[in-house]
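Spelled out, the chains give:
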Amino acid sequence: MIKKAVIPAAGFGTRFLPATKAQPKEMLPIIDTPTIQYVVQECVDSGIEDILIISGKGKRSIEDHFDRNIELEAHIQEQDETLYNQLRHIESMANIHFIRQKELNGLGDAIYHARFHCGNEAFAVLLGDTIIDSVIPVTQQLIDAYEQYHQSVIAVEEVPWDKVSRYGIVGGAPLNDRIMQINELVEKPSRDKAPSNLAIAGRYVLTPEIFEALEKTERGKNNEIQLTDALRIILKHENIVASTIEGKRYDIGNKLDFLKTTVEFALKRKEFAVPFEAFLRKTINDIDGKVKN
Ligand code: UTP
C-alpha cells in the first residue's frame, strides 16, 4: 500500500522566465487553479493524503496556498458561499508537509530530501510542474502496477521518434500491452540510439532503495544529481517496470505547453466552453481571412 507522495517543486523554472523570477512555476494557474493544486488533487484521488512538497527559495506562496487564510475566508463567506467552500477545501485536501532544498542540485537531490519522511516505505513521486489529465489518476495507475509487480514503477508515454532526444527514454521487454520490464534507461538519446519512443512522464512509484542509490549517484547532466542516473544504479540489482499512462500529460514548465493546457482546460470548463470556443473560432477565421487577403 502506498501512503506517501513526494512532490518536487524547488526548481528554478528557467524555461518560464521572467514569470518565474519571483514566483514558483508550480503556482502558475491553469485558469484559476495553481498547477500544484491539480498535482495534489491527483494524490488525493489516488488515495494518498500524506504529501511532502520539496520547496525552496522563492517558493513560500506554495505553503501559503495550502494554508488557511482566515481573514480572506471571513471576507468571502459573506459574498460567495461556493468560493468560500473552495477555499476551505484547499486547506483540508491532504496532510501537506514541506522541506526546503537549500541548494538546487537536481531532481535526484530533491527526492533525497524525502528520505526521513518516507523511511522504509515505497512512495509516489509527482513532478510539481506536470499535470496529467486522465479518467483513472495516473498515480493510481502506477500504484496498481506496483501492487501487481512489487517493483519500482516509472510512468512513460509514447512520444514522436523525432522528439526522443528531449526526454529520458526507457527500453525493455513488454510484459503486457501497458507494462514493460525495463532493461535500459537513457537520458536524452539521439534517435538512432533510443531503445524505444517511451519517455519518462513525471510520475513514479519508488522503493526506498532509491535513497541508497541516490547516495551513490554522481553529478551528471547540468552538474546535478539526476533521478534517472539513480534509477540506473537500482536497475543493476533490482527490477523496474514502466507503465504506459492512460491520460494526457501537460508540462506547465514550458511556455507553449502552458498555453495549450490553458486552452484545452478552458474548453472543458462549463462556464467557459461556449464563449471561449466562439472566441477561438472567430480568431482562427480572422487569421484565415488575413491569409487569403
Ligand atoms: P525541471 O527539470 O522541470 O526543473 O524539474 P527546473 O529546473 O525547475 O526547470 P527549468 O529547466 O529550469 O525550466 C521538474 C520538477 O522537479 C523540481 C522542479 O521544481 C519541477 O517541479 N526540481 C527540479 C526540484 O525540486 N529541485 C531541483 O533541483 C530540480
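The structure reproduced in this document is the subject of the present report. (Residues numbered from 1 in each chain as written. Predicted model: local features only at pLDDT ≥ 70, side-chain atom pairs only at ≥ 80, totals over all residues. Heavy atoms only, no water.)

With that settled, the discussion passes to the site of the ligand. Not every one of the 19 residues close to the ligand is listed here, only the nearest: Gly11, Thr14, Arg15, Glu26 and Gln101. Take Thr14: an N or O atom from its side chain is 2.5 Å from an oxygen atom of the ligand. Between the ligand and the protein, one listed contact pairs an oxygen atom with a backbone N or O atom of Gly106 at 2.9 Å. Its free accessible area being 580 Å², the ligand has 83% of it covered by the protein chains. With respect to the detected pockets, the ligand is housed in the largest pocket. Of the residues in the shell around the ligand, the class split is eight nonpolar, seven polar and four charged. (Near = heavy atom within 4 Å. Polar contact = N/O pair within 3.5 Å; in protein donor to acceptor, adjacent residues only side chain to side chain. Areas by Shrake-Rupley, 256 points an atom, 1.4 Å probe, with all protein chains shown as cover. 1 Å grid on protein atoms, 1.4 Å probe; cavity = no way out; pocket = protein on both sides within 12 Å on 5 of 7 lines; lining within 4 Å. Sits in = over half its atoms within 2 Å of the grid points. Nonpolar A, V, L, I, M, F, W, Y, C, P; charged D, E, K, R; others polar.)

Right, let's get into the side chain of Ser55. By the secondary structure assignment, Ser55 is in strand 4 (residues 50-55). If we ignore the near neighbours within four places in the chain, the residues touching Ser55 are Ala10, Glu63, Phe98, Ile99, Arg100 and Gln101. (Helix = DSSP H or I, 4+ residues; strand = E, 2+ residues; numbered from the N terminus. Contact = heavy atoms within 4.5 Å.)

This part takes up helix 8 (residues 209-216). Along helix 8, the positions that sit buried rather than exposed are Ile210, Phe211, Ala213 and Leu214. One side of helix 8 carries all its buried residues, which in axial view fall inside an arc of 165°. Of the residues in helix 8, the exposed ones pointing more than 90 degrees away from the buried face are Glu212, Glu215 and Lys216. For helix 8, the secondary structure elements touched by its buried residues are helix 5 (107-112), helix 6 (115-118), strand 6 (123-126), strand 11 (198-206) and helix 9 (227-235). (Buried < 20%, exposed > 50% of the residue type's maximum accessible area, 1.4 Å probe, protein only. Arc of directions from axis to C-beta.)

Everything listed is a geometric property; what it means functionally is a separate question.
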